[in-house]
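Per-entry structural report
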Amino acid sequence: MAKNSQSKALTITLLKSTIGFNKTQAATVRGMGLRRIRHSVELPDTPETRGMILKVRHLVSVTE
């Protein structure tokens, strides 16, 4: 599947620790590539990424 050059990217930043939250939420944060508080990653704007963000929306900040 070829990526088109106009695909948008989202910048996701971890703002809160995953300690004390559900383990599946911590796994989702790690799956997005976030390692520590204030760490940012850039991910493609896909339905899969949006679903991951929705699951941990209370822990992350998203900019387009």
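Scroll up to find the structure.
Computed from a prediction, not measured in an experiment: that's the story for all the values here.

The rules we used
- Residues numbered from 1 in each chain as written.
- Predicted model: local features only at pLDDT ≥ 70, side-chain atom pairs only at ≥ 80, totals over all residues.
- Heavy atoms only, no water.
- Helix = DSSP H or I, 4+ residues; strand = E, 2+ residues; numbered from the N terminus.
- Buried < 20%, exposed > 50% of the residue type's maximum accessible area, 1.4 Å probe, protein only.
- Arc of directions from axis to C-beta.
- Polar contact = N/O pair within 3.5 Å; in protein donor to acceptor, adjacent residues only side chain to side chain.

This next bit is on the environment of Ala 9. Mapped onto the elements of the fold, Ala 9 is located in strand S1 (residues 9-14). Accessibility expressed as a relative area gives 32% for Ala 9, which makes it partly exposed. In sequence terms Ala 9 and Glu 42 are 33 residues apart; their C-alpha atoms lie 6.2 Å from each other.

An α-helical turn contains 3.6 residues, so a residue and the one three or four places further along point in the same direction. Here helix H1 (residues 23-31) has its buried residues at Gln 25, Thr 28 and Val 29. Seen end-on, H1 carries its buried residues on one side only, within an arc spanning 100 degrees. Among the exposed residues of H1, those oriented more than 90 degrees off its buried face are Lys 23, Arg 30 and Gly 31. Two or three places before Thr 24, at the start of H1, stands the capping residue Asn 22, its side-chain oxygen 3.1 Å from that residue's backbone nitrogen. Where H1 ends, the next residue or the one after it, Gly 33, has phi of about 95 degrees, a positive value.

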